[in-house]
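Coordinate analysis (summary)
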Amino acid sequence: GCLEASRRCLRACERIQEVWPSCVPNPESVHTCLAETSWKLKDFAPVRDSCRRALAILAQGAGIPKAYAAVFVLWIFQSVAAEERSWGEVRAALHCARQMVAKIEAASGETCDEALPHRR
């Protein structure tokens with residue numbers, strides 16, 4: 001269906017990006033979209049791989065937008081881990097996301113008060 005066609009296109013983008021890494025301003029995006037598409041297709045192994053690729057790229061960047069993007073990728077990773085009942089991976093993703101939020105707060109000098117109820 002449409003999701004499989006999307007995944008084929010995203011994989012083609014991924015191959016182009018491997019040849020020309022600077023062809024897009026946010027190279028993690030193709031991996032993030034590929035992770036989300038694979039998740040919707042319930043094909044979990046590629047989700048993990050795409051999340052790891054996106055996180056590796058995001059780790060090289062700086063700034064609040066990259067940190068928020070990393071939190072989103074970690075949410076995808078954690079959601080798939082929860083669907084597979086891989087509780088160690090769920091906890092690890094949560095731990096990483098908390099660290100990212102702490103970095104965002106430190107960089108901005110403000111606390112994300114609206115996030116406080118979710119920090120348990």
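Above this text you will find the structure in question.
Residues numbered from 1 in each chain as written. Predicted model: local features only at pLDDT ≥ 70, side-chain atom pairs only at ≥ 80, totals over all residues. Heavy atoms only, no water.

**Digging into helix H1 (residues 2-19)**
Each full turn of the α-helix corresponds to 3.6 residues, which orients residues three or four apart in the same direction. In this model H1 runs 26 Å from its N-terminal to its C-terminal C-alpha over 18 residues, within 8% of the 26 Å that 1.5 Å per residue would give. For H1, every residue scored as buried is listed here: Arg7, Leu10, Glu14 and Gln17. Considered in projection along H1, the buried side chains sweep an arc of 80 degrees and stay on one side of the axis. For H1, exposure combined with an orientation more than 90 degrees from the buried face picks out Cys2, Arg8, Cys9 and Val19. Packed against the buried residues of H1 are helix H2 (28-40) and helix H3 (44-60). (Helix = DSSP H or I, 4+ residues; strand = E, 2+ residues; numbered from the N terminus. Expected span 1.5 Å × (residues − 1). Buried < 20%, exposed > 50% of the residue type's maximum accessible area, 1.4 Å probe, protein only. Arc of directions from axis to C-beta. Contact = heavy atoms within 4.5 Å.)

**Observations regarding the pattern of salt bridges**
Opposite charge on two side chains permits pairing when their charged atoms draw close. A full pass over the atoms with the stated rule returns 9 salt bridges. A salt bridge links Arg7 to Glu4; the nearest nitrogen and oxygen atoms lie 2.9 Å apart. Note that Arg7 and Glu4 are positioned in helix H1 at a spacing of 3 residues, about one turn of the helix. Looking at Arg7, the relative accessible area reads 6%, which means it is buried. Its salt-bridge partner being Glu14, residue Arg53 comes within 3.5 Å of it at the nearest N-O pair. Taken together, the residues Arg53 in helix H3 and Glu14 in helix H1 connect sequence positions 39 residues apart. For Arg53, a relative accessible area of 33% gives the class partly exposed. Given the relative accessible area of 12%, Glu14 is considered buried. (Salt bridge = Lys/Arg side-chain N within 4 Å of Asp/Glu carboxyl O.)

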